Amino acid sequence: MRQQFAGTCPKDTSGNDINEDRFAVDAANGRLALCDGASESFDSARWADILATKYVADPAVSTRWLAAAEAQYAAAHDFASMTWSRQAAYERGSFATLLGVEYKVQHNTVEILAVGDSLAVLVDTDKINKCWPFDDPERFREHPTLLSTLPMHNAFLSETDFWTKRGTTFHLTGLRKPNLLCMTDALGDWFLRQAAEIAVPRLLALSTQEDLDHLVVEEREAGRMRIDDTTLLVFSFSTTEAARGVSVS
Amino acid sequence: MTYEAQISRSSPTAFLFVVDQSGSMSDKMASGRSKAEFVADALNRTLMNLITRCTKSGGVRDYFDVGVLGYGGAGVANGFGGKLGVTVLNPVSVIEQMPLRVEDRQKKLDDGVGGILETTVKFPVWFEPKAYGGTPMRGALTRAAEELVLWCDAHPDCYPPTVLHVTDGESTDGDPEEIATHLRQIRTNDGEVLILNIHVSTLGAEPIRFPAEDNGLPDAYAKMLFRMSSPLPDHLVRFAQEKGHKVEGTARGFMFNAEAAELVDFFDIGTRAAQLR
């Protein structure tokens, strides 16, 4: 698995607002995580960073895993010294998506965990093979379930079908030229509304941060892309990797 | 498409609360508190929530300009005091810095093991209850229109301002409907000013929430307030539905005979402008 592209374009291109998307990659171990911090959150950039970094170090997401992340977040803030408004905002919590990816070399598969509406897309040459957690752009209009710094919002993690509902496996065996695209919601929404034969080559052709900025600004100005932090990660798999292995269902 | 402008520091929106402070607002509710006291608490809580929504670890972001106009026996006046009282609409970061005082209030919490835990929370106060004299509603809406014309001229591409009007009685200075019609014609490129009206009552009559037509309204006064209220944009309809209200797509931003306790909910729905960036 090789990183072909990683770029992120903030909601405010003048740089006045912090970009609350965060990602972490450990290509050697075949892991990556993309997290989109919610705008109406106290410190969602830090929360997204904690989740992405933690996933790459340990992808076994569980209630204990999340409790450790919550503790790390709490330790980074001094509640007692905050003003009343910061205390009130802190108590509302911070929220973020988690799109976790783990490449299983021995099975030639990519395991995906998606909490929230960051999107993973497996493409083969210029065709969409599979999307997760959904392939209907209307789903971006829903309120996504997000991971919170407040335990009371994370009860869904204890559900017995948590992994069944939020996890999937992309199979690479037999694909000619597989690429995995991971993107946050504004780009995901745009991508799923475009014709695949146009959108896939356009994203695969990006090679620099400037290329992504140009695409995002152009599509925003045309009213085709929502103004939000926008991140794209692209990973390729060699044809020998793709041809190898046994499909696992 | 209207009411879709995204809200950011460079593209804020405005909320203007217009509050009846006439003598009848001193009527007591079942809790023993007056309507004016309850409105003041609900408004202070809403201001706190608006500020909290804009507060990041790095500070308060000016996504909103907020103002309060009170009307009663003393006429129409800025509901904020001190330095905030100089202008009607103030950025939330300025409001955050200038409450009249910050009270310590007791709050009961579930301790997680079947008990109740009492804790102290900070409660900033910007707006004091007042109840005296007549109901110069027409004058208040005229002043609101003057303020919002200026705001819309200065923010032509922003999500349009929302007026949240609280009253418990009929206007004593003339027909307010004509002014409300003018007020609703003030606009940005993203849509007309939204007017949401809530009529609060202590009579215990059945509340009417977000009606889509005036057939079921009890009298001409209620029908007039209905006509003075804006149709709710789609995202506010969805938000009201998510809060458990039965709201049709053609509903208006209006509650009649509402219990004062519904104010917080009403304010919460009314201040859910389009997406914050």
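So, how was this worked out
- Residues numbered from 1 in each chain as written.
- Chains lettered and ligands numbered in written order.
- Predicted model: local features only at pLDDT ≥ 70, side-chain atom pairs only at ≥ 80, totals over all residues.
- Heavy atoms only, no water.
- Pairing = 2+ DSSP bridges.
- Helix = DSSP H or I, 4+ residues; strand = E, 2+ residues; numbered from the N terminus.
- Axes fitted to C-alpha atoms, helices over the stretch in contact; angles between N-to-C directions.
- Contact = heavy atoms within 4.5 Å.
- Core = buried A, V, L, I, M, F, W, Y, C linked by side-chain atoms within 4.5 Å.
- Buried < 20%, exposed > 50% of the residue type's maximum accessible area, 1.4 Å probe, protein only.

1. So, the sheet that holds strand E3 (residues 31-36) of chain A
Residue and element names in this part refer to chain A.
Here is step 1 of the chain: Judged by pairing direction, the sheet is antiparallel, and its five strands sit side by side in the order E2-E3-E5-E6-E10 without closing on themselves. Of all strands in the sheet, those bounded by a partner on one side alone are strand E2 (21-26) and strand E10 (167-171). The average angle at which neighbouring strand axes cross in this sheet is 15°, direction not considered.
Here is step 2 of the chain: Pairing analysis gives six bridges linking E2 to E3, with the strands arranged antiparallel. Counted as the bridge partner of Asp-26 is Arg-31 from E3.
Here is step 3 of the chain: In this fold helix H1 (residues 44-57) packs onto E2, E3, strand E5 (98-104) and strand E6 (109-115), with an angle of close to 165° to the strand it touches most, E3.

2. Some details on the sheet that holds strand E8 (residues 127-132) of chain A
All names here are of chain A.
Here is step 1 of the chain: Read across the sheet, five strands follow the order E1-E12-E11-E7-E8 without closing on themselves; strand pairing throughout is antiparallel. For this open sheet the edge positions go to strand E1 (2-9) and E8, each flanked by a neighbour on one side alone. Between one strand axis and the next, the sheet turns through 15° on average, direction left out of account.
Here is step 2 of the chain: Pairing of strand E11 (residues 178-183) with strand E12 (residues 230-236) involves five bridges; the strand directions are antiparallel.

3. Some words on the nonpolar core
Residue and element names in this part refer to chain B.
Here is step 1 of the chain: Judged by nonpolar contacts, the single largest core of 53 residues is most densely connected at Phe-17, Phe-64, Trp-126, Phe-210, Leu-263 and Phe-267.
Here is step 2 of the chain: Of the residues forming this core, the biggest block, eleven residues, is contributed by helix H1 (residues 35-54).
Here is step 3 of the chain: What Phe-17 contacts, discounting residues up to four positions off in sequence, is Leu-43, Thr-46, Leu-47, Leu-50, Val-66, Gly-67, Val-68, Leu-69, Leu-164, Phe-267 and Thr-271.
Here is step 4 of the chain: Ala-144, Val-163, Leu-183 and Phe-256 belong to the second largest nonpolar core, which has 32 residues in total.

Read these as geometric descriptors, not functional statements.
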